[in-house]
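Commentary on secondary and tertiary structure
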Number of protein chains: 2
Amino acid sequence: MIAGVPVRAGDAHVAVSSTPGRRRIVIVGGGFGGLQAARALRWADVDVVLVDRRNHHVFQPLLYQVATAGLSPGDIASPIRWILRRQQNVQVLLAEAQRIDAEAHVLHLDIGQLHYDALIIATGATHAYFGHDAWQTHAPGLKTLEDAGLIRRHLLLAFEQAERTPVQAERTRHLTFVIVGGGPTGVELAGALAELANFSLARDFRSIDTSCARVVIVEAGPRILGAFPPDLQDKAEQALLRLGVVIRKHSPVTGIDALGVTLADGERIEASTVLWAAGVAASPLGRSLGVEVDRVGRVVVRPDLTVPDRPDVYVIGDLAHFEQDGQLLPGVAQVAMQQGAHAVENILRRFGNQPVRDFRYHDLGNLATIGRNAAIADFGGGWRFSGVFAWWLWLFVHVLKLTGFRNRTAVLIQWAWAYVTHQRGIRLITGQDPVESSASDSSPSAR
Amino acid sequence: MIAGVPVRAGDAHVAVSSTPGRRRIVIVGGGFGGLQAARALRWADVDVVLVDRRNHHVFQPLLYQVATAGLSPGDIASPIRWILRRQQNVQVLLAEAQRIDAEAHVLHLDIGQLHYDALIIATGATHAYFGHDAWQTHAPGLKTLEDAGLIRRHLLLAFEQAERTPVQAERTRHLTFVIVGGGPTGVELAGALAELANFSLARDFRSIDTSCARVVIVEAGPRILGAFPPDLQDKAEQALLRLGVVIRKHSPVTGIDALGVTLADGERIEASTVLWAAGVAASPLGRSLGVEVDRVGRVVVRPDLTVPDRPDVYVIGDLAHFEQDGQLLPGVAQVAMQQGAHAVENILRRFGNQPVRDFRYHDLGNLATIGRNAAIADFGGGWRFSGVFAWWLWLFVHVLKLTGFRNRTAVLIQWAWAYVTHQRGIRLITGQDPVESSASDSSPSAR
């Protein structure tokens, strides 16, 4: 425990201990950015409070593996407390940040308020439906472990329903999977899903042939994987086609309901499973700063990552709108982590009355995987790979970055097993009354 | 796929294929009993339909490990389809059995009806609150993966709440864990929980000392682990006491609410976590047979495991009330599995016009574990062990019995890791808005 005076409960302050004479740095969000910031403060003589509404850090790049029954939630997530257990100057608080009073240097939480000397906001983004909130119920997005569990449940139930109904039209609908959005998440979901159907489930069912399942990527723009160079986009497309994935470009979605999607050209795709991998919106916390935000709510930060007129408030990661050489930085882990470290450096420089530095992102490359054995990698400067090598590289990089030995070994085991047997091990349908929610349209009474 | 004529959807029959000239055996429930029955039919020339409302088989004896964040759900559960994927004469149906029309040889499901030539009912039991259904919300029981997830979430949130509140009384309440019932489940939960607090979480928190957590077993009867011989009961008690677990015998519970439990002698134990490991009730399906059931709803079966006057309806496992040498057989996996195999043998004998045989249970021994390194084993005939050897035996037996290579390896990895580091890896709080549901009594407004 930190030696110090716990704040009393009389006032609305939350119970975190503070060391006399030490400044307090508050970090909101335990994602890649926030965690990196906390770690960068390991040797600093400050009190650090990391606030997150969840108790765990999720390794986002592998979330699609949980959604497609390849990995367990426990394999890609670790308790934030545990990750930071050895760093004695950090206190982790399970709470929800509601608004920031920058004038008073106070962060308002659902359980009280917290004073800060410097604040790092890294609450990231969630999926956005461009004003079509009704779509959310029919087309879940993939941002949290809960999302992944929901999608896994939905996917597996679709196959169960197909097996149970004798009506061909229903079967086809249950075996059609539409993914809205051709970015990395959409592509990785499509690849994993096609493998699930073609290989993992092949022997499980008796009435249906799971390899007849159709996976469709619906992309509004002209290309998939916009962030990658064209030649790698082509490689990715070929890999997807080999897996039997259908790719529809120039196809904005105009409608989503329980039975499928409607495209701008009026075409209708009947599907009982629609997944949302299209748009994101920044977390609402940014707006409470009362400064300029962009179209999706990202806070437009200054070159040193602070908020205008608030030299002690930093915004990083997916929540930050940062342009470099006239280009907006992408919402990837690398950017968030580099910004987290940089924000900490600037905070300590200010505490030491030194001038702060502008942030500059060093691109370490892009990786995306398309099912088993196929991936694409782009490290800039002509360093590009695709195919098996890129896949192993992808595997290596991602497993290496998992927090905690247990996760790494567990994940390697799972993959070794999946690789040899083509099985995805975590095909569990959990949640309240698995049957009820699915029986509706396949029960005789409904016909 | 099974060559055969799929039943049309016009009538209310569900879509399972049936082979002309083959008899159909329907098994309800994919637990130890039902699964064993399905496997015993591997070489039989019959159509087998296994119905379960969940898509996965759960290895019950390790469920408490999931509840205490030691294992992932995926480690102890496998999809029933996958377990039986190679057995071509089995069709698995995700559906809920509602009632049995034994006269017409028809099983009614939520998605239609199913004709059978022989029926094996193995729907097991769920936890019962002896008429105090209000207790269920405050004292969850442990039967399904959902239960385990709920309990894990509850346990971990209790520590988070304790860390967040500066009010000592609240802290104590959040750090008190009451387990109602001193059977194997209660004892194993208590042991695992004590270790979670004493070791796994020790370094995670700053304001609280998790080793101050109190784990209390409340047992109505005179002894814990009633099914074991007295000397092993004593060994178990000593092991629990070493872990700091408080054992209250002769203490029936008279009240359970959100803030704790009240005992018959009027004593009150303030606790924000109460777990139910006391009573079970048989699944309601048994009653729909219209035959004699015992106090908790178990079907009183004949010596050959059939239901009176229904030679083609078998009831096995936790749902069956079977007395041997004047003693009711316990609700353990061994009994269910032996009965499953025996029921199949009798069914095939009847199909072959041979006389059926009476069932006899061969006790292969009892195992229970008390945290790390301590366990007790009783194989009858003086073969008893306790301590480290019994623990390794327990580990060996249980890991060996897990279905699927992936699970075994994953579980071994987890345990090796937990054993060396004292860490329980799966400490994730998931579920809808983790904070809201917990913030209530620690938010300043509530004071």
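Residues numbered from 1 in each chain as written. Chains lettered and ligands numbered in written order. Predicted model: local features only at pLDDT ≥ 70, side-chain atom pairs only at ≥ 80, totals over all residues. Heavy atoms only, no water.

Focus: the overall build of chain A
Within chain A, the secondary structure is distributed over 13 helices and 29 strands. Long-range contacts, defined as pairs at least 24 residues apart, comprise 62% of the intrachain contacts of chain A with a sequence gap of at least 6. (Helix = DSSP H or I, 4+ residues; strand = E, 2+ residues; numbered from the N terminus. Contact = heavy atoms within 4.5 Å.)

Quick word on helix H11 (residues 388–401) of chain B
End to end, H11(B) covers 20 Å across 14 residues, agreeing with the expected 20 Å (1.5 Å per residue, within 8%). Among the residues of H11(B), B:Ala390, B:Trp391, B:Leu393, B:Trp394, B:Leu395, B:His398 and B:Val399 are the ones counted as buried. (Expected span 1.5 Å × (residues − 1). Buried < 20%, exposed > 50% of the residue type's maximum accessible area, 1.4 Å probe, protein only.)

Looking at the sheet that holds strand E7 (residues 90–94) of chain A
Residue and element names in this part refer to chain A. The strand order across the open sheet formed by six strands is E7-E4-E3-E11-E23-E22, and the pairing between neighbours is mixed. Whereas interior strands pair on both sides, the edge strands pair on one side only; in this sheet they are E7 and strand E22 (306–307). Both strand E4 (residues 47–52) and E7 contribute to a ladder of five bridges, which runs parallel. Counterpart to Val48 in the pairing with E7 is Val90. (Pairing = 2+ DSSP bridges.)

Focus on unusual backbone geometry
Residue and element names in this part refer to chain A. Of note, His105 is a non-glycine position whose phi angle comes to about 55 degrees, a positive value. By the element assignment, His105 lies in the loop between strand E8 (97–101) and strand E9 (106–109). A relative accessible area of 25% means that His105 is categorised as partly exposed. The phi torsion at Asn353 lies on the positive side, around 55 degrees, for a residue other than glycine. Assignment of secondary structure puts Asn353 in the loop between helix H10 (333–351) and strand E27 (366–369). Assessed through its relative accessible area of 73%, Asn353 is described here as exposed.

Thoughts on the packing of aromatic side chains
Enumeration according to the criterion identifies 14 aromatic pairs over all chains in this entry. Ring centres of A:Phe32 and A:Phe59 lie 5.7 Å apart, and the angle between their planes is 75 degrees; this geometry places the pair in the edge-to-face category. Of this pair, A:Phe32 sits in helix H1 (residues 32–40) while A:Phe59 is found in the loop between strand E5 (56–58) and helix H2 (63–67), placing the two residues 27 residues apart along the sequence. Residue A:Phe32 shares its accessibility class with A:Phe59, and that shared class is buried. By way of ring pairs, the aromatic residues A:Tyr129, A:Phe130, A:Trp135 and A:Trp276 are connected into one cluster. One residue, A:Arg42, lies across the ring of A:Trp43, its end atom 6.0 Å from the ring centre. Cation over ring: B:Arg23 sits above B:Phe351, and NZ or CZ is 4.4 Å from the ring centre. (Phe/Tyr/Trp six-rings, centres within 6.5 Å; stacked < 30°, edge-to-face > 60°. Lys NZ or Arg CZ within 6 Å of the ring centre and 35° of its normal.)

Focus: the sheet that holds E9(A)
Residue and element names in this part refer to chain A. Spatially, the three strands line up as an open sheet ordered E8-E9-E10, and their pairing is antiparallel. Both outer strands of the open sheet, E8 and strand E10 (112–115), are each paired with one neighbouring strand and no more. Within the sheet, the average angular offset between the axes of one strand and its neighbour, ignoring direction, is 25 degrees. (Axes fitted to C-alpha atoms, helices over the stretch in contact; angles between N-to-C directions.)

With respect to helix H6 (residues 145–164) of chain A
Residues and elements named next belong to chain A. End to end, H6 covers 29 Å across 20 residues, agreeing with the expected 28 Å (1.5 Å per residue, within 8%). Summarising burial for H6: 17 of the 20 residues are buried, a large majority. The opening residue of H6 is Thr144, an N-cap whose side-chain oxygen sits 3.3 Å from the backbone nitrogen of Glu146. (Polar contact = N/O pair within 3.5 Å; in protein donor to acceptor, adjacent residues only side chain to side chain.)

A few points about the pairing of strand E14 (residues 214–218) of chain B
Residues and elements named next belong to chain B. With four of five residues buried, E14 is to be regarded as a mostly interior element. Both strand E13 (residues 176–180) and E14 contribute to a ladder of five bridges, which runs parallel. Considered in E14, the bridge of Val180 is made with Val218. Note on the crossover from E13 through helix H8 (residues 184–200) to E14: the handedness is right-handed. Bridge count for E14 against strand E15 (residues 245–248) is four bridges, and the pairing is parallel. Bridge pairing in E15 links Ile217 to Ile247. With respect to chirality, the unit in which E14 leads through helix H9 (residues 230–242) into the neighbouring parallel E15 is right-handed. (Right-handed = clockwise from strand over helix to strand, strands pointing away.)

Considerations on the nonpolar core
Counting residues in hydrophobic clusters, the biggest one holds 64 residues, and the most contacted among them are A:Ile76, A:Phe159, A:Leu240, A:Val245 and A:Ile370. In terms of residue count, helix H8 (residues 184–200) of chain A provides more of this core than any other element does, eight residues in total. Ignoring anything within four residues of it in the chain, the contact list for A:Phe159 reads A:Leu175, A:Phe177, A:Leu196, A:Ala197, A:Leu201, A:Phe205, A:Ile208, A:Thr210 and A:Ala213. Listed in part, the 63 residues of the second largest apolar core include B:Ala67, B:Leu193, B:Leu196 and B:Ala390. (Core = buried A, V, L, I, M, F, W, Y, C linked by side-chain atoms within 4.5 Å.)

Side note on the pattern of salt bridges
Working definition: two side chains of opposite charge can pair if their charged atoms are close together. As enumerated under the stated definition, the model contains 36 salt bridges over all chains in all. Residues A:Asp265 and A:Arg248 are paired through a salt bridge, measuring 3.6 Å at the closest nitrogen-oxygen approach. With A:Asp265 in the loop between strand E17 (260–263) and strand E18 (268–270) and A:Arg248 in strand E15 (residues 245–248), the pair connects residues that are 17 residues apart, well separated along the chain. With a relative accessible area of 55%, A:Asp265 lands in the exposed category. A salt bridge links B:Asp325 to B:Arg360, with the nearest nitrogen and oxygen atoms 2.9 Å apart. Of this pair, B:Asp325 sits in the loop between strand E25 (323–324) and strand E26 (327–328) while B:Arg360 sits in the loop between helix H10 (333–351) and strand E27 (366–369); the two residues are 35 residues apart in sequence, bridging distant segments of the chain. When its relative accessible area of 62% is taken as the criterion, B:Asp325 is described as exposed. What emerges from the salt-bridge pattern is a single network uniting A:Arg22, A:Asp45 and A:Asp47. (Salt bridge = Lys/Arg side-chain N within 4 Å of Asp/Glu carboxyl O.)

Considering the pairing of strand E16 (residues 253–257) of chain B
Where E16(B) meets strand E17 (residues 260–263) of chain B, four bridges bridge the pair, whose relative direction is antiparallel. In the strand pairing of E17(B), B:Val253 is matched with B:Leu263.

A short note on the packing of helix H1 (residues 32–40) of chain B against H10(B)
Residue and element names in this part refer to chain B. With their axes 7 Å apart at the nearest point, H1 and H10 run at an angle of 35 degrees to one another. H10 is crossed by H1, and the crossing has right-handed handedness. Touching Phe32, Gly33, Gln36, Ala37 and Ala40 of H1 are Ala333, Ala336, Met337, Gly340, Ala341 and Val344, all from H10. For the contact of H1 with H10, the per-class residue count stands at eight nonpolar, three polar and no charged. (Left-handed = near helix turned anticlockwise from the far one by under 90°. Nonpolar A, V, L, I, M, F, W, Y, C, P; charged D, E, K, R; others polar.)

Some words on the environment of B:Arg81
Within the element layout of this structure, B:Arg81 appears in helix H4 (residues 80–83). For B:Arg81, a relative accessible area of 4% translates into the label buried. For B:Arg81 and B:Gly326, which are 245 residues apart along the polypeptide, the C-alpha to C-alpha distance reads 38 Å. If sequence neighbours within four positions are ignored, B:Arg81 has contacts with A:Glu160, A:Glu163, A:Asp204, A:Phe205 and B:Val92. A polar side-chain atom of B:Arg81 sits 3.0 Å from the main-chain carbonyl oxygen of B:Val92.

Re the confidence of the model for chain A
Parts of the model with low pLDDT should not have their predicted coordinates read in detail. Residue and element names in this part refer to chain A. Scored by pLDDT, chain A has a mean of 86; 89% of the residues are at 70 or more. Overall, residues 1–11 carries pLDDT values under 50, and its contacts beyond four positions in sequence, including any with other chains, amount to 25 contacts. With pLDDT under 50 throughout, residues 433–447 is counted as low confidence; its partners more than four residues away or in other chains account for 42 contacts. Both scores are given for the predicted complex: the pTM is 0.83, the ipTM 0.78. (pLDDT = per-residue confidence, 0-100.)

Side note on the side chain of A:Arg81
At a separation of 2.6 Å, a polar atom in the side chain of A:Arg81 contacts the side chain of B:Glu160. Setting aside its immediate chain neighbours within four residues, A:Arg81 contacts A:Val92, A:Leu94, B:Glu160, B:Glu163, B:Asp204 and B:Phe205.

Some points on the environment of B:Ala202
All names here are of chain B. With respect to the helices and strands, the residue Ala202 is situated in the loop between H8 and E14. According to the relative accessible area criterion, Ala202 is partly exposed, its value standing at 39%. Each residue touching Ala202, except ones within four places of it in the same chain, is listed here: Ala197 and Thr210.

Some details on the environment of B:Ala97
Residue position: B:Ala97 is located in strand E8 (residues 97–101). B:Ala97 sits 18 residues away from B:Pro79 along the chain, and the two C-alpha atoms are 19 Å apart.

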